[in-house]
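# Observations on chain architecture
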Amino acid sequence: MKGELGMGSLRELRAELQPKSYWRWSKQDFFPEESFKNWATYRTALSQTHIRFKDRLISRSDDAAELGELRKQSENEMKRCLNWWDLTWFGFSSVIGAGIFVLTGQEARYHAGPAIVLSYAASGFAAMLSVFCYTEFAVEIPVAGGSFAYLRVELGDFAAFITAGNILLESVVGSAAVARAWTSYFTTLLNRPSNSLRIHTNLSDGFNLLDPIAVVVLAIAATIAMISTRNTSYFNWVASAINSVVILFVTFAGFIAGFAYADTANLTPFLPFGAKGVFEAAAIVYFAYGGFDNIATMAEETRNPSRDIPIGLLGSMSIITVIYCLMALSLCMTQKYTDIDPDAPYSVAFQSVGMKWAKYFVALGALKGMTTVLLVGALGQARYTTHIARAHMIPPWFALVHPKTGTPIYATLLITIASACIAFFSSLDVLAALLSVSTLFIFMMMAVALLVRRYYVRGITPQTNLLKLVILLLIIIASSMGTSAYWGLNPNGWIGYAVTVPIWFLGTLGISVLLPQQRTPKVWGVPLVPWFPSMSIATNLFLMGSLGADAFVRFAVCTVVMLFYYLFFGLHATYDMAHEQNKVEESMNDTGRDSSY
């Protein structure tokens, strides 16, 4: 009997020591938590929902946990193979795509006119403020989770979950939107109508044009991203170089064509839809800047994050903002805004001034740009998903990193399949507004998290200072929302601004004067704190308020779905994981005390 027990123990030990196969999909891989062991434990977990919710609402992670314990959930390490050069080109490639090549046409024609240049400038300013926040966090906490990891540390599990849901929504919808735009430019390259390669159905408007080509493009980009991060970077260099040539051509050829035809009426009227149209367009084209957060997710694969990330993020975004404004101006000089094609604006604009050959060159460059956007998106979005799965907010199976490729294959497949399903049915205009709300919300939360990081440290900051910080943050957020609401209700008024703007200023000044900073960045930090983060909160909320009601309805529906998922799954999975880690830490502490005796 003892021999049988000994043999059984030996077999169990060998099973534990033997490395697990990456290609596995048992219930234990998807639902390892105690709450999902059986129906009885799940019912018990549901009965404790209010207690668990309170626990998760106030709990926060820390830098060490994100950098250490959580990464072990992937079983294998991602390979550190990127430098500042790779990140700069990734930043360039992740941003320049459907935004400038497609949304410029839509927004110039329907919302801003030639003043689309101002829309890009306003969005670029708001995006740069967010870039500052991302850069400080990415240097301090270089993990794959990006904003999700940063918010888990500073604002807690529940705030991180809401953001995680929006990150996944942004990832899925963003990839779908770019893939749909890819098809439009491909038809231009073939000299066919923009919807000729889509399948026409009797479904409702916005969902009636099925797009199988978008699905194929997403699958190819995901496959390249799954094979190797380093090889993806090499491919990206080549594609970005080609895209850069096209961008230079579009910019300078547009000015030359504009001067050659001397139609200065193209820029008049400059503000056909007024200031409201400029900011409404700015909120939509903000999507064009949204890819930069993918660079922060690559910190775990960066050789020297403290040096490479600031150069890669700030350098690429500064160049991109200038390029966007010049390209938008070029388009409006080439063709009157009422004649701009909303699906393939640059190609059609060059054709309209007699440069028929140029439309093929532009379409080819646009396809290259959108391909690299999808490629870098597949990398960054999968890394977001990986870290979200490490925290068990989605099944931890998606956190697994392949031992040979060093890439999260399951996470990549999750985003790609979801994006393909949406891209197959939904049109670009339906996707863009929803995406902008989600993106702006995440960036606003990042600015709040940075202020919390600078002015609050657990166990050090007095409770009175914490209370002051909370009150002043609420004042900044509320006044920013008030400014945004007043703009939406009465864009030509001024009385509301005379109230909300000074309140925002006093709230920010209060943080600056009344609260000492509790943490100094080790290597690189956001300048002019609290002013820059506070301005980021205000601008992101202002741009959110410039969006239409439909975008918020879709956003609200998606948020309700996320909350249902959280209450029935995410809450219990993260609760079990957190308390399991606490038990392990207590056990290790007890063992250490025992050994000291």
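The sections below set out a description of the structure shown in this document. (Residues numbered from 1 in each chain as written. Predicted model: local features only at pLDDT ≥ 70, side-chain atom pairs only at ≥ 80, totals over all residues. Heavy atoms only, no water.)

## With respect to the overall build of the chain
Keep this limit in mind: For the purposes of this entry, the term helix denotes a DSSP run of H or I that reaches at least four residues, the term strand denotes a run of E that reaches at least two, and both are numbered from the N terminus. The classification of residues rests on relative accessible area computed with a 1.4 Å probe and restricted to protein chains. Under 20% of the type maximum is buried, over 50% is exposed, and intermediate values are partly exposed. Contacts are assigned to residue pairs with any non-hydrogen atoms lying within 4.5 Å of each other.
Counting its regular elements, the chain contains 23 helices and two strands. Here the chain holds 597 residues, and 58% of them are scored as buried. Relative to all contacts within the chain whose residues are 6 or more apart in sequence, the contacts with residues 24 or more apart total 85%.

## Here we look at unusual backbone geometry
Between Thr268 and the following residue, Pro269, the backbone shows a cis peptide bond with an omega angle of -5°. Tracing the sequence through the fold places Pro269 in the loop between α12 (229-261) and α13 (274-285). Cis geometry marks the peptide bond from Val529 to Pro530, where omega comes out at 15°. The residue Pro530 is located in the loop between α21 (495-514) and α22 (531-545) in this model. Even without glycine at this site, Glu75 takes up a positive phi of about 70°. Exposure remark for Glu75: the relative accessible area of 40% places this residue in the partly exposed category.

## Focus: empty space enclosed by the protein
So the rule is basically this: Think of a 1 Å grid over just the protein atoms. A cavity is a set of points where a 1.4 Å probe fits yet cannot get out, a pocket is an open set with protein on both sides within 12 Å along at least five of seven lines, and lining residues have an atom within 4 Å of a point. Grid points are joined across faces, edges and corners, and a volume is the space filled by probe spheres set on the points.
Scanning all chains against the criterion turns up two cavities of 30 Å³ or more. If you add up the space inside the second largest cavity, you get close to 90 Å³. Considering the residues around the second largest cavity, the lining is formed by 13 residues, among which Ser175, Leu374, Ala378, Gln381 and Thr416 are closest to the centre. At the level of elements, α11 (212-227), α17 (356-390) and α18 (409-425) are the ones that each hand at least two residues to the lining of the second largest cavity.

## Brief notes about the packing of helix α6 (residues 84-95) against α17
We count it as follows: Orientation is described by axes fitted as lines to C-alpha atoms, over the contacting stretch for helices, and by angles from 0 to 180 degrees between their N-to-C directions. Here is the rule for handedness: rotate from the far helix to the near one, and if that takes an anticlockwise turn smaller than a right angle the crossing is left-handed, while a clockwise turn gives right-handed. Gly is put with the polar residues, along with every residue not named as nonpolar or charged; the nonpolar set is Ala, Val, Leu, Ile, Met, Phe, Trp, Tyr, Cys and Pro, and the charged set is Asp, Glu, Lys and Arg.
Between α6 and α17, the least distance of the axes is 7 Å, while the angle of their chain directions is 115°. Seen from above, α6 lies across α17 with left-handed handedness. Residues Phe90, Ser93, Ser94 and Val95 of α6 lie in contact with α17, whose contacting residues are Gly369, Thr372, Val373, Val376 and Leu379. Here the contact of α6 with α17 is built from residues that sort into five nonpolar, four polar and no charged.

## Quick word on the pattern of salt bridges
For clarity, the threshold we go by: Salt-bridge detection follows one rule: a side-chain nitrogen of Lys or Arg within 4 Å of a carboxyl oxygen of Asp or Glu.
Counted under the stated rule, the structure contains 22 salt bridges. Taken together, the shared-partner salt bridges connect Asp55, Arg56, Glu66, Arg152 and Asp157 into one network.

## Here we look at the packing of helix α16 (residues 345-352) against α17
Helix-helix packing: each pair is described by the crossing angle between the helix axes and the interaxial distance. Put simply, the test is: Throughout, the term roughly parallel applies to angles under 35 degrees, roughly antiparallel to angles over 145, roughly perpendicular to angles from 65 to 115, and oblique to all others.
It is at 7 Å that the axes of α16 and α17 come closest, and there the two elements cross at 165°. Between α16 and α17, the crossing angle belongs to the class labelled roughly antiparallel. Considering the relative orientation of α16 and α17, their crossing is right-handed. In contact with Tyr346, Ser347, Phe350 and Gln351 of α16, α17 contributes Lys356, Ala358, Lys359, Val362 and Ala363.

## Here's the deal with α22
The following threshold applies: The span one expects for a helix is its residue count, reduced by one, times 1.5 Å.
Between its terminal C-alpha atoms α22 stretches 21 Å, which fits the 21 Å expected from 15 residues at 1.5 Å a residue. In terms of burial, α22 is a largely internal element, eleven of the 15 residues being buried. Looking at α22, one finds that the buried residues are Phe532, Pro533, Ser534, Ser536, Ile537, Thr539, Asn540, Leu541, Phe542, Leu543 and Met544.

## Focus: the packing of aromatic side chains
Just so we agree on the cut-off: Geometry of aromatic contacts follows a simple scheme: Phe, Tyr and Trp rings, the Trp one being its six-membered ring, pair when their centres are within 6.5 Å, and the pair is stacked under 30 degrees between planes, edge-to-face over 60, tilted otherwise.
Following the criterion strictly, the structure yields 39 aromatic pairs and no others. Summarising the aromatic geometry, the rings of Phe279 and Trp487 are spaced 5.2 Å apart at their centres and angled 85° between planes, so their arrangement reads as edge-to-face. Residue Phe279 is found in helix α13, and its partner Trp487 is found in helix α20 (residues 463-489); the two are separated by 208 residues along the sequence. According to the relative accessible area criterion, Phe279 is partly exposed, its value standing at 26%.

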